[in-house]
Amino acid sequence: MRTIQLKNDYIELIDQTVLPKRLEFVRCQNAEEVAQAIEQMKIRGAPALGAAASMALAVTALHSRASDSGVMFRELKAATNRIKRTRPTAANLFMALNRVMKVAEESVAGSVKELRKVVVEEAEAIAEENVKINREMGRQGAQLIQEGNTVLTHCNAGALACVDYGTALGVIRAARDQGKEVSVIATETRPLFQGSRLTTWELKHDGIPVTLIIDGAVGHIMSEGNVDLVIVGADRIAGNGDVANKIGTYSIAVLANRHDIPFYVAAPTSTIDPQTRSGKEIEIEYRDPSEVTSLGGHKLAPDGIDVSNPAFDVTPANLITKIITENGVSEPSELDSLFT
Ligand code: MRU
């Protein structure tokens, strides 16, 4: 099952807000619908956002009534600007838009039909590559997992966060497929519970043993010697190896360091953004306070209370043992080696 797919002239995606209660699909016919699905977290996770962004351009081209490719190009530009305003942190969203717009620009001198074709083909290629890349990343990272290991992961860096297979969960899946017995500790991941709702759902489906803990239990579980390694995904990796990922990742990295537990980040090279030189330059998304002050219609805090709700944090490179990509496993300080 794919998290997101381009079907004829619409996008079909799993609505991640209703899992694990229901497995439901939503359809998006245009860029505005995709933008709203992203803002409402129906689709989330850096690589999945890249696929959604590129497919938003594909449906724009497919539904365009333009008779001139210059007009269609302007429609694609407007769709790009709308999608760029949805979520600022995940590099893949911007990389995918830039990649599709680059081929569109190269074809703008041709016919409308040609322009439509290259945009759709590029979006489909991004989704297909995503799956291949995750499988290769899994193969590269699985060597870091030993027989009988327990891996702690945060948020959801699985098939749901990608097109299929996953990054951090892809590495765990690959280790299991190599015949290693591996179990997982998943943090619930406040405030939107991607860990408890999505990661446990995926692992249960695959028959990989998983234990759910609250975010605040990480230090205690580590101190009891119950974690062999940590693997998380990433939303953006700066040129110096600093990593932005789901809020709480930094705290887990500090605790892993304190307990001498290896801390790995698994991400495609499209998440590495060398133009962002360090984590300080990464824009952190702040989300609505209501995500913190209420849950399923129940009030969790008094009215009028001040709330800060950062969706991501930055883990400095010196707390990261290795970065796992489809091009190999690298020291965070040597990311250049992945591109040579
Ligand atoms: O806010 P989200 O759910 O989009 O955040 C997702 C994460 O932080 C993931 O860990 C990250 O995107 C990596 S997904 C392979």
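Thresholds applied
Residues numbered from 1 in each chain as written. Predicted model: local features only at pLDDT ≥ 70, side-chain atom pairs only at ≥ 80, totals over all residues. Heavy atoms only, no water. UniProt positions renumbered as here; feature names shortened; annotations may be inferred. Helix = DSSP H or I, 4+ residues; strand = E, 2+ residues; numbered from the N terminus. Contact = heavy atoms within 4.5 Å. Phe/Tyr/Trp six-rings, centres within 6.5 Å; stacked < 30°, edge-to-face > 60°. Lys NZ or Arg CZ within 6 Å of the ring centre and 35° of its normal. Buried < 20%, exposed > 50% of the residue type's maximum accessible area, 1.4 Å probe, protein only. Domains from an automatic or database assignment. Buried area = accessible area lost by both parts, 1.4 Å probe. Salt bridge = Lys/Arg side-chain N within 4 Å of Asp/Glu carboxyl O. Polar contact = N/O pair within 3.5 Å; in protein donor to acceptor, adjacent residues only side chain to side chain. Near = heavy atom within 4 Å. Areas by Shrake-Rupley, 256 points an atom, 1.4 Å probe, with all protein chains shown as cover. Nonpolar A, V, L, I, M, F, W, Y, C, P; charged D, E, K, R; others polar.

What follows deals with the UniProt feature "binding site: substrate" (unreviewed entry) in the protein. Per the UniProt annotation, the sites labelled "binding site: substrate" (unreviewed entry) are R44, G45, A46, R87, Q194, N245 and K246. Within the secondary structure layout, G45 lies in the loop between α1 (31-39) and α2 (46-63). Excluding residues that lie within four positions of it along the chain, Q194 makes contacts with M41, R44, C155, N156, E188, T189, T199 and K246.

What follows concerns the packing of aromatic side chains. The geometry of an aromatic ring pair comes down to the distance between the two centres and the angle between the two planes. Per the stated rule, a full pass over the model turns up 0 aromatic pairs. Stacked on the ring of Y165, the Lys or Arg R135 has its end atom at 4.2 Å from the ring centre. One Lys or Arg, K246, reaches over the ring of F312 and ends 4.5 Å from the middle of that ring.

Going from L19 to P20, the amide bond is cis rather than trans, its omega being 5°. Among the structural elements, P20 can be located in the loop between β2 (10-14) and β3 (25-28). Residue P191 is bonded to the preceding R190 through a cis peptide linkage, with omega at 0°. Even without glycine at this site, N8 takes up a positive phi of about 45°. With respect to the helices and strands, the residue N8 is situated in the loop between β1 (4-7) and β2. With a relative accessible area of 70%, N8 lands in the exposed category. Phi is positive for T189, which is not a glycine, with a value near 70°. With relative accessibility at 0%, the residue T189 sits in the buried group.

Residues annotated in UniProt with the feature "active site" (unreviewed entry) correspond here to D235. Mapped onto the fold, D235 is located in the loop between β7 (229-232) and β8 (236-238). Beyond its immediate chain neighbours, meaning those up to four positions away, D235 contacts A46, T89, A90, A91, N92, A244, N245, K246, T271 and F312.

With that settled, consider the domain arrangement of the protein. Per the domain assignment, the segments of the protein are domain 1 (4-135) and domain 2 (139-339). Look at where the C-alpha atoms of domain 1 and domain 2 centre, and you get two points 25 Å apart. Summing both sides of the interface, domain 1 and domain 2 together bury roughly 2700 Å²; the carbon and sulfur share of this comes to 57%. Summed over the shared surface of domain 1 and domain 2, the number is 1 salt bridge. Put simply, E285 and R87 hold a salt bridge, and the shortest N to O gap is 2.8 Å. Inspection of the region where domain 1 meets domain 2 yields 17 residue pairs in polar contact (both at pLDDT 80 or more). Looking at the side of domain 1 that touches domain 2, the elements with two or more residues in it are α2, α4 (91-107) and α5 (112-142).

Take the site of the ligand next. The environment of the ligand is formed by 19 residues, the closest being R44, R87, D235, N245 and K246. At 2.9 Å from an oxygen atom of the ligand is found a main-chain nitrogen or oxygen belonging to A46. Taking R87, its side chain carries an N or O atom lying 2.8 Å from an oxygen atom of the ligand. A total of 420 Å² of accessible area belongs to the ligand in isolation, and the protein chains cover 100% of it. Listed by contribution, the elements that provide at least two residues to the shell around the ligand are α2 and β9 (243-246). Broken down by class, the residue content of the shell around the ligand amounts to 9 nonpolar, 6 polar and 4 charged. Two domains each donate at least three residues to the shell around the ligand, and these are domain 1 (4-135) and domain 2 (139-339).

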